[in-house]
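The chain contents come next:
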Amino acid sequence: MVTDRPRVLSGIQPTSGSFHLGNYLGAVRQWVSLQETHDAFYMVVDLHAITVEQDPATLRENTRVSVAQLLGVGLDPERCTLFIQSHVPEHAQLGWVMNCFTGFGEAARMTQFKDKSGKQGADRTTVGLFTYPILQVADILLYQADQVPVGEDQRQHIELTRDLAERFNSRLGQTFTVPNPYILKETAKIFDLQDPTSKMSKSASTPKGLVNLLDEVKTSTKKIKSAVTDTGTVVSYDEQEKAGVSNLLRIHSAISGRSVPELVEHFEGRMYGALKTELAELYAEWVAPIQQRTRSYLDDPAELDRVLARGAEKARAVAGETLATAYDRIGFLAAKR
Ligand code: ATP
Ligand code: LTN
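This structure is a prediction, so every number in the text was calculated from the model and none was measured.

Caption draft 1: Highlighting the pairing of strand β3 (residues 80–84). Most of β3 sits inside the fold, with five of its five residues counted as buried. Burial along β3 is two-sided: Cys-80, Leu-82 and Ile-84 facing one way and Thr-81 and Phe-83 facing the other are all buried.

Caption draft 2: Here's a closer look at the packing of helix α4 (residues 90–99) against helix α13 (residues 301–330). Where α4 meets α13, the closest approach of the two axes is 10 Å, and the angle between their N-to-C directions is 25°. Judged by the angle between their axes, α4 and α13 are roughly parallel. Between α4 and α13 lies a crossing whose hand is left-handed. Here Glu-90, Gln-93, Leu-94 and Val-97 of α4 lie close against α13, whose contacting residues are Arg-316, Ala-319, Gly-320, Leu-323, Ala-326, Tyr-327 and Ile-330.

Caption draft 3: Broad picture of the pairing of strand β2 (residues 39–44). By the criterion of burial, β2 is predominantly enclosed, with six of the six residues buried. In this sheet, β2 lies alongside strand β1 (residues 7–12) in parallel orientation, the contact comprising six bridges. Bridging from a neighbouring strand, Ser-10 pairs with Tyr-42 of β2. With respect to chirality, the unit in which β1 leads through helix α1 (residues 21–34) into the neighbouring parallel β2 is right-handed.

Caption draft 4: How the structure looks around the nonpolar core. Ranked by size, the top nonpolar core spans 51 residues in total, and within it Leu-21, Tyr-42, Leu-70, Leu-213, Tyr-283 and Trp-286 carry the most contacts. Other than its neighbours up to four places away in sequence, Tyr-283 contacts Leu-21, Val-211, Asn-212, Leu-213, Ser-220, Ile-224 and Ile-255. Membership of the second largest hydrophobic core comes to 39 residues, among which are Leu-94, Phe-113, Tyr-143 and Leu-160.

Caption draft 5: View of the site of ligand 2. In the region of ligand 2, 13 residues are neighbours, and Ser-10, Tyr-132, Gln-136, Asp-139 and Gln-154 sit closest. Note that a nitrogen atom of ligand 2 is positioned 2.6 Å from one of the side-chain N or O atoms of Tyr-132. Within the contact set of ligand 2, a nitrogen atom lies 3.0 Å away from a side-chain nitrogen or oxygen of Gln-154. Bound to the protein, ligand 2 loses 91% of the 370 Å² it would expose on its own. Counting residues per element, the ones that place at least two in the shell around ligand 2 are β1 and α7 (127–142). Along the lines of polarity and charge, the residues of the shell around ligand 2 split into six nonpolar, six polar and one charged.

Each value, and the rule that gives it
- Residues numbered from 1 in each chain as written.
- Chains lettered and ligands numbered in written order.
- Predicted model: local features only at pLDDT ≥ 70, side-chain atom pairs only at ≥ 80, totals over all residues.
- Heavy atoms only, no water.
- Buried < 20%, exposed > 50% of the residue type's maximum accessible area, 1.4 Å probe, protein only.
- Helix = DSSP H or I, 4+ residues; strand = E, 2+ residues; numbered from the N terminus.
- Axes fitted to C-alpha atoms, helices over the stretch in contact; angles between N-to-C directions.
- Parallel < 35°, antiparallel > 145°, perpendicular 65-115°, else oblique.
- Left-handed = near helix turned anticlockwise from the far one by under 90°.
- Contact = heavy atoms within 4.5 Å.
- Pairing = 2+ DSSP bridges.
- Right-handed = clockwise from strand over helix to strand, strands pointing away.
- Core = buried A, V, L, I, M, F, W, Y, C linked by side-chain atoms within 4.5 Å.
- Near = heavy atom within 4 Å.
- Polar contact = N/O pair within 3.5 Å; in protein donor to acceptor, adjacent residues only side chain to side chain.
- Areas by Shrake-Rupley, 256 points an atom, 1.4 Å probe, with all protein chains shown as cover.
- Nonpolar A, V, L, I, M, F, W, Y, C, P; charged D, E, K, R; others polar.

Everything listed here is a matter of geometry and, on its own, says nothing about what the molecule does.
In structure tokens form, the structure reads like this:
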């Protein structure tokens, strides 16, 4: 499809049986709305997933569940291109090229690598985890993406993408679009419900503050109702002094569509319990149809395969063209058929 819409591209890892509320509000929700206005490419990044050890059967299952969930939350294969990263070999190919354009020190400054490798120790850290952001650069540049909808934690990787695109373009001629991050301030960082100073993450030390979209609704509503707040009583927005309450207000606002000031007024004279109970109810109502749609996609593997085959074909058409141009600029001798 030829379109003059700006292009967006993003990816999510199939490293868990369910996306969490941070993934959804920080990134995937924007994917759904951007498919209406942009030429949108979204992928499940299984090559990135193996930067930490994966059990093969679980990876395969989580990849399917990820695709089903993306459809379940509202991605429409008629409106966007949805595919699996490993179905498009150009990612690994351009990834190698980008490795050769990245300084070792430059890669070593990536904070997410430092955090993750620090947690797991040098012996358990793969070289793949080190070059992870460079593969992400290739993901983005292959599609000439104008914008990349992600959460705040990905900002540095998008900066790296910009730097490498500019470096390649200035050395070898205009080849890649220099992308911008698309990060919505209100939902850029959703915090853990038990530790509202840390981002909600599947690798948190305890799952108590993590809301997984596919968990039993009762489990999640319980977590919301026991979210950590503070010793005050007045529902108001203050990221420093009331991190927990502010996080709940932001989540409420994103799901209900009501602004934070409006919610503060709505809860005037009521205590934190009222906010938690209302949010738990709101969440339950919102997530039920998502779970149901996800399940129905999982029950139809043939349809899922069709969506992915079409997605890979559309993605390869774009990625192949960019890779050919990049190879030519680099000076690789063209393979004659
Ligand atoms: P996690 O921290 O749970 O391991 P991740 O960032 O390593 O997640 P993905 O699951 O692939 O990896 O993340 C997908 C998207 O979700 C990214 O755009 C990321 O920025 C976003 N995201 C992850 N956690 C949050 C959060 N707590 N708040 C906002 N956005 C988030
Ligand atoms: N590192 C990202 C996932 C990712 C991505 C991408 C995001 C891989 N490739 C390309 C945007 C564009 C993360 O969310 N952890």
